[in-house]
Amino acid sequence: MYAPSWRLVRRILVTSFALIACGTAVLAADIKLAWDANTESDLAGYKVYYGTVSGAYGTVISVGNQPNYTVTGLPAGTYYFAVTAYNTEGLESGFSNEVSATVSGTPSTSACDLNADGVINAVDLQVLINVILGTQTLPGKGDLNADGRVDVLDLQILANVILGLHACPF
Ligand SMILES: [Ca+2]
Ligand SMILES: [Ca+2]
């Protein structure tokens, strides 16, 4: 019983696995993975494994019979990925080589995203108003024009950013 299984594992071993692209979402990211297609006639599909520790994959996703997959909505952190193939009898190959990707939790727009929810909108405007009114404190944030004060000028800048008139930071 053991030997046929061993041969199968050898046959359907995934030979190449490459990280194609890392998404640029602000507080979460999509990681697109692709690998060489297995050409065995009894191939049933692939499984993508990933986790935050190299060689220890806490999450497994059956991705069907397609040689690529996008893992979506990953929060900030470093992730390690590997893939296996399995056949119509349910026998699974060993892991492919491992690839890693780091999702940055620091958005380029952080200076204006005052409540750090990943979008710049009227909620941030309200937060800034609260800071100016003294009902909320956000140490180190809100001074968008870097003049040492958080005041109505910064509010105007943030409004312009929301309206699309400025990038942030500028
Ligand atoms: Ca926000
Ligand atoms: Ca200011």
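Scroll up a little and you will see the structure.
Student: Can you help me understand helix H3 (residues 152–162) in this one?
Tutor: The α-helix advances 3.6 residues per turn, and as a result positions three or four apart in sequence lie on the same side. Looking at H3, one finds that the buried residues are Asp154, Ile157, Leu158 and Val161. Looking straight down H3, one finds that the buried residues subtend no more than 95° of arc, so they occupy a single side. The secondary structure elements touched by the buried residues of H3 are helix H2 (122–133). Backbone geometry just downstream of H3 places Gly164 in the positive-phi region, at approximately 85°.

Student: Would you mind showing me how to read the packing of H2 against H3 here?
Tutor: Two packed helices can be described by the angle between their axes and the distance between those axes. Two numbers describe how H2 lies on H3: the axes approach to 10 Å, and their chain directions differ by 180°. Taken together, the axes of H2 and H3 lie roughly antiparallel to each other. For the pair formed by H2 and H3, the contact residues are Ala122, Asp124, Leu125, Leu128, Ile129 and Ile132 on the first element and Val152, Asp154, Leu155, Leu158, Ala159 and Ile162 on the second. Of the residues assigned to the contact of H2 with H3, the class counts are 10 nonpolar, no polar and two charged.

Student: I'm lost on unusual backbone geometry in this one. Help?
Tutor: Working note: non-glycine residues mostly have negative phi, and peptide bonds are mostly trans. Phi angles above zero are rare outside glycine, and Ala116 is one such case at about 55°. Judged by C-beta crowding, with 15 C-beta atoms within 10 Å, Ala116 ranks as partly exposed. At Ala146, a position not held by glycine, the phi torsion is positive, near 55°. Here Ala146 lies in the loop between H2 and H3.

Student: Where do I start with the sheet that holds strand S4 (residues 59–64) in this structure?
Tutor: Backbone-to-backbone hydrogen bonds pair the strands of a sheet. The strands run either parallel or antiparallel. Taken in spatial order, the four strands make up an open sheet running S4-S3-S6-S7, and their pairing is antiparallel. Two strands bound the open sheet, and with one partner strand each, they are S4 and strand S7 (99–103). Across the sheet, the axes of successive neighbouring strands diverge by a mean angle of 30°, strand direction being ignored. By the bridge criterion, five bridges tie strand S6 (residues 77–87) to S7 in an arrangement that is antiparallel. Paired with Tyr79 across the two strands is Ala101, which belongs to S7.

Student: Would you mind showing me how to read H2 here?
Tutor: Between its first and last C-alpha, H2 extends 16 Å over 12 residues, near the 16 Å set by a 1.5 Å rise per residue. Trailing H2 by a residue or two, Gly134 shows a phi angle of about 85°, which is positive.

Student: Just to check I follow, could you spell out the nonpolar core for this structure?
Tutor: For soluble globular proteins, nonpolar side chains are generally found buried alongside one another. Ile31, Leu33, Val48, Tyr79, Phe81 and Val83 are the most contacted members of the largest nonpolar core, which totals 15 residues. Elements with a contribution of two residues or more to this core: strand S2 (28–35), strand S3 (43–51) and S6. Ranked by the residues each element gives to this core, the list is headed by S6, at six residues. Contacts of Phe81, omitting those with residues within four sequence positions, involve Leu33, Val48, Tyr49, Tyr50, Glu98 and Val99. By size, the runner-up hydrophobic cluster in this structure holds 10 residues, among which are Ala111, Ile120, Leu128 and Val161.

About the cut-offs
Residues numbered from 1 in each chain as written. Chains lettered and ligands numbered in written order. Predicted model: local features only at pLDDT ≥ 70, side-chain atom pairs only at ≥ 80, totals over all residues. Buried ≥ 20, exposed ≤ 12 C-beta atoms within 10 Å, placed from the backbone. Helix = DSSP H or I, 4+ residues; strand = E, 2+ residues; numbered from the N terminus. Arc of directions from axis to C-beta. Contact = placed C-beta atoms within 7 Å. Axes fitted to C-alpha atoms, helices over the stretch in contact; angles between N-to-C directions. Parallel < 35°, antiparallel > 145°, perpendicular 65-115°, else oblique. Nonpolar A, V, L, I, M, F, W, Y, C, P; charged D, E, K, R; others polar. Pairing = 2+ DSSP bridges. Expected span 1.5 Å × (residues − 1). Core = buried A, V, L, I, M, F, W, Y, C linked by C-beta atoms within 7 Å.

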